Structure formats: structure tokens, C-alpha cells
Amino acid sequence: MQTMFTLPTLVYFGRGVSRQLVPLLENQEAKRIFLVSDPGVRTAGLLDAPLNGLQEAGLQVRLFAEVLPNAPDFQVDAAAEQARDFGADAFVSIGGGSSMDTAKAANILLANPGPLRRYDGLNLVPKPGLPHIAIPTTAGTSSELTVAAVISDEKNKKKMVFFGRNVAASIALIDPELTYGLPPALTASTGMDALTHAMEAYISTAASPVTDALAPEAIALIAAGLPLAYRNGADTEARDKIMLGCQLAGCCFSNTGLGIVHSMAHPMGAHCHVPHGLANAICLAVGMRYSMSRVPGHKIRRMAEALGLKTENRGEEVLGPAICSTLKTLTETLRIPTIAQAGVTKDKIPVMAEDSLKELSTVTTPRQPTAGEVAALYRELFAHAGQ
Ligand SMILES: [Fe+2]
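On a predicted model such as this, the values are computed, not experimentally measured, just so you know.

Reading guide: rules and limits
Residues numbered from 1 in each chain as written. Predicted model: local features only at pLDDT ≥ 70, side-chain atom pairs only at ≥ 80, totals over all residues. Helix = DSSP H or I, 4+ residues; strand = E, 2+ residues; numbered from the N terminus. Rg over C-alpha atoms; globule rule 2.2 N^0.38 Å. Contact = placed C-beta atoms within 7 Å. Pairing = 2+ DSSP bridges. Axes fitted to C-alpha atoms, helices over the stretch in contact; angles between N-to-C directions. Buried ≥ 20, exposed ≤ 12 C-beta atoms within 10 Å, placed from the backbone. Parallel < 35°, antiparallel > 145°, perpendicular 65-115°, else oblique. Left-handed = near helix turned anticlockwise from the far one by under 90°. Nonpolar A, V, L, I, M, F, W, Y, C, P; charged D, E, K, R; others polar. Domains from an automatic or database assignment. Core = buried A, V, L, I, M, F, W, Y, C linked by C-beta atoms within 7 Å. Expected span 1.5 Å × (residues − 1). Arc of directions from axis to C-beta.

A. Spotlight on the overall build of the protein chain. Looking only at helices and strands, the protein chain has 14 helices and nine strands in total. Taking 2.2 N^0.38 as the reference for a compact globule, 387 residues should give roughly 21 Å; the C-alpha atoms of the protein chain span a radius of gyration of 20 Å, in line with that estimate. In terms of its C-alpha atoms, the protein chain occupies a principal-axis envelope of roughly 65 × 45 × 40 Å. A sequence separation of at least 24 residues applies to 79% of the contacts in the protein chain between residues at least 6 apart.

B. Here's a closer look at the sheet that holds strand 6 (residues 132–136). One open sheet holds the six strands; their spatial order is 1-9-6-4-2-3, and the pairing between them is parallel. Among the strands making up the open sheet, the edge pair consists of strand 1 (10–13) and strand 3 (60–64). Each strand of the sheet is rotated relative to its neighbour by a mean of 15 degrees, with strand direction disregarded. Bridging between strand 1 and strand 9 (residues 171–174) involves four bridges; their strand directions are parallel. Across the sheet, Tyr12 pairs through a bridge with Leu173, a residue of strand 9.

C. Molecular detail of the pairing of strand 7 (residues 148–153). Of all six residues making up strand 7, five are buried, and the element is well covered by its neighbours. One ladder, built from six bridges, connects strand 7 with strand 8 (residues 158–163); its direction is antiparallel. Bridge pairing in strand 8 links Ala149 to Phe162. Counting the residues between successive antiparallel strands, the hairpin from strand 7 to strand 8 contains four residues, one of them, Lys157, with a positive phi of roughly 50 degrees.

D. Expanded view of the sheet that holds strand 8. The strand order across the open sheet built from three strands is 5-8-7, with neighbouring strands paired in mixed fashion. The sheet terminates laterally at strand 5 (121–122) and strand 7, the two strands that pair on one side only. Those strands touched by helix 9 (residues 260–272) are strand 7 and strand 8, and its axis lies near 125 degrees from that of strand 8.

E. Representation of the packing of helix 11 (residues 297–306) against helix 12 (residues 316–333). Remark: helix 11 packs on helix 12, axes separated minimally by 9 Å, with the N-to-C direction vectors making an angle of 50 degrees. Our classification of the angle between helix 11 and helix 12 gives oblique. Crossing geometry of helix 11 relative to helix 12 is assigned as left-handed. Listed contacts from helix 12 to Gly297, Ile300, Arg301, Met303 and Ala304 of helix 11 are Glu316, Leu319, Gly320, Ala322 and Ile323. Considered class by class, the residues forming the contact of helix 11 with helix 12 number six nonpolar, two polar and two charged.

F. Expanded view of the domain arrangement of the protein chain. Per the domain assignment, the segments making up the protein chain are domain 1 (10–179) and domain 2 (184–384). Each of domain 1 and domain 2 was reduced to a C-alpha centroid, and the two centroids are 25 Å apart. Mapped onto the side of domain 1 that touches domain 2, the elements with two or more residues apiece are strand 7 and strand 8. When residues of the side of domain 1 that touches domain 2 are assigned to their parent elements, the largest contribution, four residues, is made by strand 8. Counted by class, the side of domain 1 that touches domain 2 contains ten nonpolar, ten polar and three charged residues.

G. Examining the nonpolar core more closely. Counting residues in hydrophobic clusters, the biggest one holds 127 residues, and the most contacted among them are Phe162, Ala198, Ile219 and Ile222. Looking at this core element by element, the count peaks at eleven residues for helix 7 (residues 209–231). When residues of this core are assigned to domains, at least three map to each of domain 1 (10–179) and domain 2 (184–384).

H. Local environment of unusual backbone geometry. Here Gly114 and Pro115 are connected by a cis peptide whose omega angle stands at -5 degrees. Note that Pro115 resides in the loop between helix 5 (97–111) and strand 5. The residue Asn70 is not glycine, and still its phi comes out positive at about 65 degrees. Along the polypeptide, Asn70 turns up in the loop between strand 3 and helix 4 (73–86). In this structure Asn70 comes out as buried when scored by C-beta crowding, with 22 C-beta atoms within 10 Å.

I. Summary view of helix 5. In this model, helix 5 (15 residues) spans 21 Å end to end at C-alpha, consistent with the 21 Å of a helix rising 1.5 Å per residue. Taking burial as the measure, the 15 residues of helix 5 include 13 buried ones, the bulk of the element.

J. How the structure looks around the environment of Ala265. Within the secondary structure layout, Ala265 lies in helix 9. Residue class for Ala265 comes out buried when judged on the 30 C-beta atoms lying within 10 Å of it. For the pair Ala265 and His276, spaced eleven residues apart in sequence, the C-alpha separation works out to 6.7 Å. Contacts of Ala265, omitting those with residues within four sequence positions, involve His276, Ala279, Asn280 and Cys283.

K. Helix 14 (residues 371–384), seen in detail. Helix length check: helix 14 (14 residues) gives 20 Å between terminal C-alpha atoms against 20 Å at 1.5 Å per residue, within 8%. Residues of helix 14 that are buried include every one of Val374, Leu377, Tyr378 and Leu381, and no others. Buried residues along helix 14 cover an arc of 95 degrees about the axis, so they all sit on one side. Facing away from the buried side of helix 14, by more than 90 degrees, are the exposed residues Gly372 and Ala383. Of the surrounding elements, those touching the buried residues of helix 14 are helix 9, helix 10 (276–291) and helix 13 (349–357).

Next up, the structure:
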């Protein structure tokens, strides 16, 4: 068997590691920092310490703290233009997936000619950009360490996925302390995104022995921590567990790609502006059920164990459905809104189903769907919601 595993980002993990930002930038001899973030992170006060640290160290900072959910492409163009005008020599991104992906994509444009959409796909970015330090404030997308960036093509209502080593941030500072103030609903939706990454990576057609070793541990850590952190945001041990699980999940899916859950979730974001984590949380149980018939028995058993299910004297034909009902119960525990509450309307089902087939995640999903099957899954989500 021949396999490949890559993790081009240098990853620091642990409480307080975000305070390494300034020394690490100084090591890189960076002087003009383009800092990408979003209004929520700014309001939560998570930019105060880094900004003070950068200013005290005498570094020049240009702040771009206006990133919108689902990372629209026009903001990438604006960020790249401002970074170029400013003469930036390093990027810093602080926030969730949208902030980190906006910085990653703007960084592509600093080293490579536009338009951005020419790099949509696998290994299409020829040159690496500036040094980029990514600091996540959610335990969700793992964008800080993955080789992917997802940006909304607003005109064509589609998610572009830039995938390759030249997209990755150079350094990730994964500091669980930054997630301690995350409100319950965001804790839930971002955590479900991380759980989806772990599960889809485990059953991906591109899974390898390395990712197979990491993914079940990621599932176990996230599934155990999420209900606790949702119920009690001050449960720092649960928060740390989810963050570690998220790190492991990111190491996996950055190599394996994803599956039908993400293929269904991206069009929900592109057409109806459903936030990424929420879209995955809504689709996870039905997407896993759809895929289960193509998942090897030993993996079904291992996932069931990771979710804390009793597996003794139970066959895979029982454990598969048990996994799906556990996921459904988890979405109820976390009070994940229904597909309709999230703003999706039934008239969008045909176009979302067609678009889901074009998603990069569909390449590595274990059971190749038809548009009709995906449409049926969307309809089932409406039916679950009583609509
Ligand atoms: Fe995701």
C-alpha cells in the first residue's frame, strides 16, 4: 500500500499559545502585519491583546476586521488590495473559518495573478504567499492547519475550494482559551462541523492508516466534549477536548477530503447563506446514514465505540443505524435549528442538489450520489422538521 500525508503548517497547541504571536512574527522579521478578523471576534475583545502586543513591539498593523460569514469573494479581493497597498509582509488571521480562509485566499492573490476563481480546485496555486499565522477562535473548521480555503463565489452562487500546500497558513496557534467565551449556539454548530470532519475523513475513499489512527480519537474527543461545553461554557476541560479533537480532525480531512455532508452543506451556504457549521450539523445524521452502506464493518464498529455506544454482541447492521440516531439525538441536545429555521426554502432543493454533485467533497464520499438522491435527503430534512 502506498499513502501520502502532509501537514505543511507548523502547529502550536495549548492554553496560552496565542501569546507567541509577536515573538513568532519577530522571528520571521515581519514588520508590516495585515490582520484579518471579523466584527464578532472584535466585539468579543479577542483582538485587544494581540493588537496591544503588536503595537508594543513596534510592528505596523493594518486591520481588516470586517469579514462576513461564508467568506464572500469580494472581501478577498478587497483584503488583497489593501494588503498590497499597505506593503504587508505577513498575514495574521484571528477568528473562525471565514476570517482564516479570507486571509488564506487574499494571500494567494498576493503571490499569484487574479482572478481568484482560477485557483478553485486541487493543487492549482503555483506560488506560496507571505508568512501567515492563523489563530482560531472556534473549535470548528480547522482552517488554521488545513491546506484548504473555502470562499463564496457570490456571482455564481457557489463555494470555491482552494486545496493545496500553497494555500495553508505557515503557523497555527491553537489556543483553547480563545474558545472559552464562545456562546452555546456557536459552540454547538462549530463543534458539529469538527465532528463532521472527523467522521467524513474516517469514511473517505482517500483515508489512510495515518488518518484512520487519528479520526476515531477526534470523534471521541469532540462527541464527549460537545454536550458538556454546550451546557456549561465554563467547562474548560471539555473546551480543551473539543479543540484537540478539532486539531486531529483537521489533520485528517486536510489529507482525505470530505464527503456528502459537506457536499450538501456548501450549497446551503452558497444559496441560502446558512453558516457552514450549522449546515453541516443539520445534514450530518442523514448524510452518514446515506453513506453507511459503503462503510466497512470495522469502521462502523470503531465509530460506534468512539461515540460511546455499547458495541458488545451487536452487529454492524445494528451499529450503523445506532450511530445515525446518536447523531440525531446530539443535534437535538445541542438545539440545532431545522433546515427551514436556518433559512433554506424548498424551492432551492433542485439547484442545491445539482450543485452538491460538483463539490470537491463528492469525489471522496464513499457512496456516489445522484442529484435525485441528494434532493431526497434535503426533502427528508424538511420532513423531519414537520414541513
Ligand atoms: Fe467543514
